[in-house]
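Secondary and tertiary structure notes
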Amino acid sequence: MIAHDVALLVGPEQLRIDVWDRYTFDVSMLEVGAAWTLTFWYSEQAQASWRRLIDPERGVRCGQTVTAVIDGEAVLTGTVETRDVGDDGNRAPPTFTISGRDKLGPATSWDADPALSLKNLPLEEALSRLYAGVGLVVEISEHVDADQPVGSLRRPRRGGRARRASRAQQIAISHPRVGEKVQGVVERIVRGLGYRVWTTPAERPDRTVILVDRPRSSGETRFALRRVLEAGRVTSDSNVLAGREKSSIREAPTSVSVFAHAPRGDSASDAFARTVTNAALTTPVNRARIDPLSAPRPRFVTSDQARTVEGAQAEGARLIAEANEQLRRYEAWVLGHRQRGRLWVPNTLCTVRDDLVGLDETQLIVAASFSGGKAEGPRTRVTCLPLGALSETPVPA
């Protein structure tokens, strides 16, 4: 049976909690504020551990920083936001449950100061000032060294000249809007440069590492998800316990027409339009999942940013790319939290072969959810998207 050493390190003294009955830790490059939870059941044999958890001086309290650790490697740094202790009168034993989000969770809930001046600041300084408003001391990094283990042993590595230039690039946003969340402002800035932003554990619990990077689309494939069928049975070298692919055209237009105006004088302008077709719907893989003769799903938008036909073309392509992010998604459940000695981690490439759903291609891991309990073994839910599915087109701020 696969076993992992799973614990939480709580507070400035790094109180180690390794007495648990169930846990879930989520990590994702698609969103910040990923959730975590840990539950401990009361029993006569575990009274000492229970007293330690509820101790008013040394126990667990809301607002404390926690680091989720698997086999000595940090996978998530977050904040205790909910502390739920006791029972509800049924036959189930009392429980001590703590839960929260990763360190960027508060940035999704609380507002940025609209008086904060950001215009012409370097990217790194602008993000640092924004996050400071919710008490976060951040370290900005472009990407993670894929050759290093995950978590506390992982070293953010500075990128090449182009990436360093982007860190110093001055931003055009002047101030946050009134009522705009901190993370909303960060997303406007970062997506305006064609990047994504997510978080990963820092070496120090009082720091938060912010990754500003583009999705990987090439390089070494470090993971594999396999469910191979032979004579109707799953082969012994398969590792997918369960898997599901979801294809949806609900938000995917067949075309986008962009209407814009090009200024040509003090008061006159030329109106023009450009239509972009969603070519992704007709790729060989997608044609097996989407009827090419299905009813048209057009979008017609007016652009305030496009000033040329080329600009309208680019905006239409961006809108299609964003919609296509939800076109296909694959989720697999595997036993344990590691493969080839590494914890499953977002923004890494993975070969996917699932004969049951008819999938055989290299995809990008975008999220992982680690879970386990005393009554069941550790499992990881791995979420993948097709390569190139995440848009890298800059989004107008």
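Residues numbered from 1 in each chain as written. Predicted model: local features only at pLDDT ≥ 70, side-chain atom pairs only at ≥ 80, totals over all residues. Heavy atoms only, no water.

Here we look at the nonpolar core
- By size, the foremost hydrophobic cluster in this structure holds 41 residues, and its most contacted members are Leu8, Phe25, Leu225 and Trp344.
- Counting residues per element, this core draws most heavily on strand β24 (residues 359–373), which supplies four residues.
- Grouped together as the second largest cluster of nonpolar side chains are 28 residues, Leu104, Leu127, Val134 and Val197 included. (Core = buried A, V, L, I, M, F, W, Y, C linked by side-chain atoms within 4.5 Å. Buried < 20%, exposed > 50% of the residue type's maximum accessible area, 1.4 Å probe, protein only. Helix = DSSP H or I, 4+ residues; strand = E, 2+ residues; numbered from the N terminus.)

Some words on the packing of aromatic side chains
- Under the defined criterion, the tally for this structure stands at seven aromatic pairs.
- Arranged with centres 4.8 Å apart and planes meeting at 85°, the rings of Trp20 and Tyr23 form a pair that is edge-to-face. The residues Trp20 and Tyr23 share a single accessibility class, namely buried.
- When the ring of Phe223 is compared with that of Trp344, the centres are 4.7 Å apart and the planes differ by 20°; the resulting orientation is stacked. Taken together, the residues Phe223 in strand β13 (residues 221–227) and Trp344 in the loop between β22 (342–343) and β23 (348–354) connect sequence positions 121 residues apart. In terms of burial, Phe223 and Trp344 fall into one category: buried.
- Three or more aromatic residues joined by ring pairs form one cluster here, namely Phe40, Tyr42, Trp50 and Phe96.
- The positively charged end of Arg214 is found above the aromatic ring belonging to Tyr195, 4.3 Å away from the centroid. (Phe/Tyr/Trp six-rings, centres within 6.5 Å; stacked < 30°, edge-to-face > 60°. Lys NZ or Arg CZ within 6 Å of the ring centre and 35° of its normal.)

Section: the pattern of salt bridges
- Within the structure shown, the criterion is met by 21 salt bridges.
- When the shortest N-O distance is used, the salt bridge between Arg227 and Asp354 registers 3.0 Å. Highlighted residues: Arg227 in strand β13 and Asp354 in strand β23, separated in sequence by 127 residues.
- For Arg227, a relative accessible area of 8% puts it in the buried group.
- Accessibility expressed as a relative area gives 0% for Asp354, which makes it buried.
- Among the ionic contacts, a cluster of salt bridges with common partners joins Glu245, Arg289, Arg328 and Glu361. (Salt bridge = Lys/Arg side-chain N within 4 Å of Asp/Glu carboxyl O.)

Notes on the sheet that holds strand β8 (residues 138–141)
- An order of β8-β12-β11 is seen for the three strands of this open sheet, with the pairing classed as mixed. Of all the strands in the sheet, just β8 and β11 (196–200) have a single pairing partner and so form its edges. Between one strand and the next, the sheet's axes are offset by a mean angle of 30°, whatever the strand orientation.
- The sheet contact formed by β11 and strand β12 (residues 208–213) spans five bridges and is antiparallel. When the sheet's bridge partners are listed, Trp198 is paired in β12 with Leu211.
- In this fold helix α3 (residues 123–132) packs onto β8, β11 and β12, with an angle of close to 150° to the strand it touches most, β8. (Pairing = 2+ DSSP bridges. Axes fitted to C-alpha atoms, helices over the stretch in contact; angles between N-to-C directions. Contact = heavy atoms within 4.5 Å.)

A short note on the environment of Ser391
- Its location among the elements puts Ser391 in the segment after β25 (376–386).
- Measuring from C-alpha to C-alpha, the distance between Ser391 and Arg214 comes to 9.1 Å, with 177 residues separating the pair along the chain.
- Here Ser391 is in contact with Arg191, Arg196, Ala321, Glu322 and Glu325, once residues within four sequence places are set aside.

What about the confidence of the model for the protein?
- Counting all residues, the mean pLDDT for the protein is 86, and 90% of those residues have values of 70 or more.
- In the predicted structure, residues 149–165 sits below a pLDDT of 50 and forms 45 contacts with residues beyond four places in sequence or in another chain. (pLDDT = per-residue confidence, 0-100.)

Some remarks on unusual backbone geometry
- In the Ramachandran plot, Asp71 falls in the positive-phi region, its phi being about 55° despite a non-glycine side chain.
- Secondary-structure assignment places Asp71 in the loop between β5 (65–70) and β6 (73–86).
- The exposure class assigned to Asp71 is partly exposed, which follows from its relative accessible area of 30%.
- The backbone of Asn120 shows a phi angle near 70°, a positive value even though the residue is not glycine.
- Mapped onto the fold, Asn120 is located in the loop between α2 (105–109) and α3.
- A relative accessible area of 43% places Asn120 in the partly exposed class.

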